[in-house]
Amino acid sequence: MKKQLNVSAIKQGTVIDHIPSTALFKVISILKLDHCKDMVTFGNNLDSNVMDGKAIIKVENRFFKDKEINKIALVAPHAKLNTIKDYEVVGKYVVEIPDEIQDIARCFNPKCITNHENIDTYFEVISKSPVALKCRYCEKITHQDQMEIK
Amino acid sequence: MNAKNLISITDFSKEEYLRIMDLAADFEANPDQRLLDGKVVATLFFEPSTRTRLSFETAINRLGGEIIGFTDSSSSSVTKGETLHDTIKMVSNYADLIVMRHPLEGSARYASEVSDVPVINAGDGANQHPTQTLLDLYSIVKTQDRLDDINLFMVGDLKYGRTVHSLLMAMSHFNNPIFNFIAPPELAMPNEYKLYLQSKGMRYFEHTEFTDIISEADIIYMTRVQKERFPDPVDYEKVKNVYILRNKMLKHTKDNMRILHPLPRVNEIHTDVDSNPKAYYFDQARNGVYTRMAIIAHLLNLK
């Protein structure tokens, strides 16, 4: 079968691959790509050998720092980044859940102050697989199945 | 923003616990030390808690400080829709210290980030109430003359009771404690605390019956079994009279044993215990004043 690119190639920038289809718009929001001036193309519900439908995002002229890209690990734990220069892949990176997470997830505790005032959430990651986050404020632990992205 | 705060019992080291114990003993021996002369302390009670507020206000008065604040949020600007952020920002311009009680969990930590002056958490929902734990520790050291090698029995609601969780964390800083948990299965000590003790190599035993095993206790820490904690009222009816301490049960307990309770009690300690010299819960409440004087003096570097 002829291999075909579903989303057109970029000259230079970053390709974020292996995003779960359900997480595409969350990743766009976390990386603030909806406010980005550079060219962004994305595809969703693409065939994948390893996951049940994937999404891919290509951002022209943009290179992410590890800390910046790791923010998406909560919603796209298997995402892979390819850095492109002159249409060639010059770097690869697999996202990693950071030790601290700022203002991405909600605290599951309805009585936590972060669910009542307009403030950033902060979590200490006490387990990466499965994910468990300890809230800096109410000290309760939000488990993966309770997690909601802000 | 670099003020020293007391928000969670884990904010203090063992050395700081011991310093608070020493300061509390000093204030008990010499209560009239006007160290807060000319200073203003704000007591912000976003929900009523008469016992805790009176204890703090007595401590502040004994130290010679002035008090501003409110006793419940209906008498504050919160009813006008002011955020906690703005209330704390404003008050930290007026006061040298903020004592805060709030129904939302994590509110005290947040207030300490917003405030320019130290914040003491006087209870944030079901989360933390560290000054209660420090007064519990002071009551233990005062009655046992040590904090090491304590055989501590905790009785009642060990699942939701924040006081027992914080006391467990605090006692784990000391050598060789033995924990005995007595609770119905519905209100048993949560796993995370048992795992914590295991990780520190500390001994604990779990019981569902309140029997003569208490003869080994140095401290019996009683808590209320609250009806609203049970999803099924039938379950509550089954256990409501099982975890009641009566005077006749104290016959074979050790001479040094003392009974603590964070108060208020309902029926879990029978009134026939009150006249027993081993009943210590009212003295424990008095210790709260000295302990809070000590905490204030420590946080404001007054001693």
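Chain B is annotated in an unreviewed UniProt entry as Aspartate carbamoyltransferase of Prolixibacter bellariivorans. UniProt, in its Catalytic activity (unreviewed entry) section for chain B, records the words "carbamoyl phosphate + L-aspartate = N-carbamoyl-L-aspartate + phosphate + H(+)". What the UniProt record of chain B gives under Sequence similarities (unreviewed entry) is the line "Belongs to the aspartate/ornithine carbamoyltransferase superfamily. ATCase family."

As named in an unreviewed UniProt entry, chain A is Aspartate carbamoyltransferase regulatory chain, taken from Prolixibacter bellariivorans. Per UniProt, chain A has the following entry under Sequence similarities (unreviewed entry): "Belongs to the PyrI family."

Draft legend 1. Just the overall build of chain B, in detail. Broken down by element type, chain B carries 9 helices and 9 strands. The C-alpha atoms of chain B give 19 Å as radius of gyration, which agrees with the globular expectation for 303 residues (19 Å, within 12%). Taken along its principal axes, the extent of the C-alpha atoms in chain B is 55 × 45 × 40 Å. The buried share of chain B, reckoned over its 303 residues, is 56%. Across chain B, contacts joining residues at least 24 apart in sequence account for 73% of those joining residues at least 6 apart. Counting only carbon and sulfur atoms, one obtains 47% of the accessible surface of chain B, whose full area is about 12600 Å². The centroid of the 34 positive side-chain charges in chain B is displaced by 3 Å from the centroid of its 40 negative side-chain charges.

Draft legend 2. How the structure looks around the overall build of chain A. The secondary structure content of chain A amounts to 2 helices and 11 strands. Reading the helices (α) and strands (β) of chain A from amino to carboxyl end gives β-α-β-β-α-β-β-β-β-β-β-β-β. Structurally, chain A occupies a C-alpha span of about 55 × 30 × 20 Å along its principal axes. When burial is assessed residue by residue, chain A has 45% of its 150 residues classed as buried. With the model as given, the accessible surface of chain A reaches about 9000 Å², and the carbon-plus-sulfur share is 47%.

Draft legend 3. Structural view of the domain arrangement of chain B. Residue and element names in this part refer to chain B. As assigned here, chain B comprises domain 1 (9-128 + 288-299) and domain 2 (130-285). Each of domain 1 and domain 2 has a C-alpha centre, and the two are 26 Å apart. Listed as interface residues are 26 residues of domain 1 and, on the opposing side, 22 residues of domain 2. Both faces combined, the contact of domain 1 with domain 2 buries some 2000 Å², and carbon together with sulfur accounts for 64% of it. Considering only the surface of domain 1 that becomes buried against domain 2, Ile9, Tyr17 and Met21 emerge as the three largest contributors, covering 29% of it. Across the pair Lys142 and Glu28 runs a salt bridge, and its minimum N-O distance is 2.7 Å. Between the two partners, domain 1 and domain 2, sit 6 residue pairs in polar contact (both at pLDDT 80 or more).

Draft legend 4. Broad picture of the UniProt feature "domain: Aspartate carbamoyltransferase regulatory subunit C-terminal" (unreviewed entry) in chain A. The positions that UniProt labels "domain: Aspartate carbamoyltransferase regulatory subunit C-terminal" (unreviewed entry) are, in the present scheme, residues 100-146 of chain A. Overall, residues 100-146 of chain A shows 0% helix and 43% strand. The separation of its end C-alpha atoms is 18 Å.

Draft legend 5. Expanded view of the pairing of strand E3 (residues 97-102) of chain B. Residue and element names in this part refer to chain B. Here E3 lies mainly inside the structure; 6 of its 6 residues are buried. As paired strands, E3 and strand E4 (residues 119-124) are joined by 4 bridges and run parallel to one another. Paired with Val99 across the two strands is Ile120, which belongs to E4. Once you follow E3 into helix H4 (residues 107-114) and on to E4, the crossover reads as right-handed.

Draft legend 6. Quick look at the packing of helix H2 (residues 50-62) of chain B against helix H9 (residues 281-299) of chain B. Residues and elements named next belong to chain B. The interhelical angle for the contact between H2 and H9, taken along N-to-C directions, is 60 degrees, at an axis separation of 8 Å. Taken together, H2 and H9 sit at an angle that is classed as oblique. Both H2 and H9 take part in a crossing whose hand is right-handed. For the pair H2 and H9, the contacting residues are Thr52, Ser55, Phe56, Thr58, Ala59, Ile60 and Arg62 in the first and Gly288, Val289, Arg292, Met293 and Ile296 in the second. Here the residues of the contact of H2 with H9 sort into 6 nonpolar, 4 polar and 2 charged.

Draft legend 7. Broad picture of the UniProt feature "binding site: L-aspartate" (unreviewed entry) in chain B. Residues and elements named next belong to chain B. Under the UniProt annotation, the feature "binding site: L-aspartate" (unreviewed entry) is placed at Lys80, Arg162 and Arg224. Separation in sequence by 145 residues is matched in space for these annotated residues, since their most distant C-alpha atoms are 35.5 Å apart. Inspection of the secondary structure puts Lys80 in the loop between strand E2 (66-70) and helix H3 (84-94). Assessed through its relative accessible area of 74%, Lys80 is described here as exposed. Summarising the element assignment, Arg224 is placed in the loop between strand E8 (219-222) and helix H8 (233-239). Aside from chain neighbours lying at most four places away, what touches Arg224 is Asp157, His261, Pro264, Val266 and Glu268. Reaching out from Arg224, the side chain makes a polar contact with the backbone oxygen of Pro264 at a distance of 3.2 Å.

Calculation notes
- Residues numbered from 1 in each chain as written.
- Chains lettered and ligands numbered in written order.
- Predicted model: local features only at pLDDT ≥ 70, side-chain atom pairs only at ≥ 80, totals over all residues.
- Heavy atoms only, no water.
- UniProt positions renumbered as here; feature names shortened; annotations may be inferred.
- Helix = DSSP H or I, 4+ residues; strand = E, 2+ residues; numbered from the N terminus.
- Rg over C-alpha atoms; globule rule 2.2 N^0.38 Å.
- Buried < 20%, exposed > 50% of the residue type's maximum accessible area, 1.4 Å probe, protein only.
- Contact = heavy atoms within 4.5 Å.
- Areas by Shrake-Rupley, 256 points an atom, 1.4 Å probe, with all protein chains shown as cover.
- Lys, Arg positive; Asp, Glu negative; His and termini not counted.
- Charge placed at Lys NZ, Arg CZ, Asp CG, Glu CD.
- Domains from an automatic or database assignment.
- Buried area = accessible area lost by both parts, 1.4 Å probe.
- Salt bridge = Lys/Arg side-chain N within 4 Å of Asp/Glu carboxyl O.
- Polar contact = N/O pair within 3.5 Å; in protein donor to acceptor, adjacent residues only side chain to side chain.
- Pairing = 2+ DSSP bridges.
- Right-handed = clockwise from strand over helix to strand, strands pointing away.
- Axes fitted to C-alpha atoms, helices over the stretch in contact; angles between N-to-C directions.
- Parallel < 35°, antiparallel > 145°, perpendicular 65-115°, else oblique.
- Left-handed = near helix turned anticlockwise from the far one by under 90°.
- Nonpolar A, V, L, I, M, F, W, Y, C, P; charged D, E, K, R; others polar.

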